[in-house]
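Given next are the chains, with one letter for each unit.
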Amino acid sequence: MRKVLVVEDSSAMRGLIASIVDQVDDCEVVEVAGGFDALRQLPRERFALIITDINMPDINGLELLSFIRKNPNYTQTPVLIVSTESSERDRAKGLALGANAYITKPFIPDDLKAAVLRLLGSAT
């Protein structure tokens with residue numbers, strides 16, 4: 001079972017993302033409401049994929065991404081940013097910090113699912 005960590009402060013959006021990821025075979029979703037919660041969860045489990053928002057009230061997704069990429073335990077873990085920040089500059093900044101993919105909200109559910117499959121190496 002591959003575990004996917006969803007980091008999103010909006011419960012509605014977190015639930016939507018989790019429901020889409022749940023459609024992917026052999027995946028278990030772990031949901032947290034912010035960056036600090038993610039930092040507490042990361043040492044407890046190994047994740048095959050991390051999906052994070054950028055704008056969150058405690059630490060933002062880019063700070064979380066920076067931590068993930070600096071920690072030797074997570075350097076190879078794919079990270080997908082799902083954000084309302086839609087400018088090319090924001091996308092480029094996220095990818096430069098080490099995100100593997102970047103999707104803007106609102107998104108098409110099939111696009112998110114395709115990105116999850118690709119990042120998990122399950123794309124057909």
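Here the structure is shown first, and the text comes after it.
Residues numbered from 1 in each chain as written. Predicted model: local features only at pLDDT ≥ 70, side-chain atom pairs only at ≥ 80, totals over all residues. Heavy atoms only, no water.

Right, let's get into the pattern of salt bridges. Across all of its chains, the model carries seven salt bridges by this definition. One salt bridge in this structure joins Glu45 and Lys3, with 2.3 Å as the shortest N-O distance. One end of the pair, Glu45, is in the loop between α2 (35-41) and β3 (49-52); the other, Lys3, is in strand β1 (residues 2-7), and 42 residues separate them in sequence. Residue classification places Lys3 among the partly exposed residues on the basis of a relative accessible area of 24%. Glu31 is the partner of Arg14 in a salt bridge, and the nearest nitrogen-oxygen pair spans 3.5 Å. Placement of Arg14 in helix α1 (residues 11-22) and of Glu31 in strand β2 (residues 27-32) is noted, with a sequence separation of 17 residues between them. Residue class for Arg14 comes out buried when judged on its relative accessible area of 14%. You can call Glu31 partly exposed: its relative accessible area is 40%. Put simply, Glu8, Asp53 and Lys105 are held in one network by salt bridges that share partners. (Salt bridge = Lys/Arg side-chain N within 4 Å of Asp/Glu carboxyl O. Helix = DSSP H or I, 4+ residues; strand = E, 2+ residues; numbered from the N terminus. Buried < 20%, exposed > 50% of the residue type's maximum accessible area, 1.4 Å probe, protein only.)

What follows is about the nonpolar core. Core analysis: the biggest nonpolar cluster contains 22 residues, and Ile17, Ile51, Leu80, Leu112 and Val116 have the highest contact counts within it. Of all the secondary-structure elements, those providing two or more residues to this core are β1, α1, β2, β3, β4 (79-83), β5 (101-104) and α5 (109-119). Among the elements that line this core, the one with the most residues is α1, at five residues. Sequence-distant contacts of Leu80, defined by excluding residues within four places in its chain, comprise Leu49, Ile50, Ile51, Thr52, Ala101, Tyr102, Ile103, Leu112, Ala115, Val116 and Leu119. Within the second largest apolar cluster, 20 residues are counted, among which are Leu5, Phe47, Ile59 and Leu62. (Core = buried A, V, L, I, M, F, W, Y, C linked by side-chain atoms within 4.5 Å. Contact = heavy atoms within 4.5 Å.)

Attention now goes to the packing of α1 against α5. Where α1 meets α5, the closest approach of the two axes is 9 Å, and the angle between their N-to-C directions is 60°. As far as their axial angle goes, α5 and α1 are oblique. Seen along the crossing, α1 lies across α5 with a hand that is right-handed. When α1 is examined against α5, the residues Ile17, Ile20 and Val21 are found in contact with a partner set consisting of Pro109, Leu112, Lys113 and Val116. A class-by-class count of the residues in the contact of α1 with α5 yields six nonpolar, no polar and one charged. (Axes fitted to C-alpha atoms, helices over the stretch in contact; angles between N-to-C directions. Parallel < 35°, antiparallel > 145°, perpendicular 65-115°, else oblique. Left-handed = near helix turned anticlockwise from the far one by under 90°. Nonpolar A, V, L, I, M, F, W, Y, C, P; charged D, E, K, R; others polar.)

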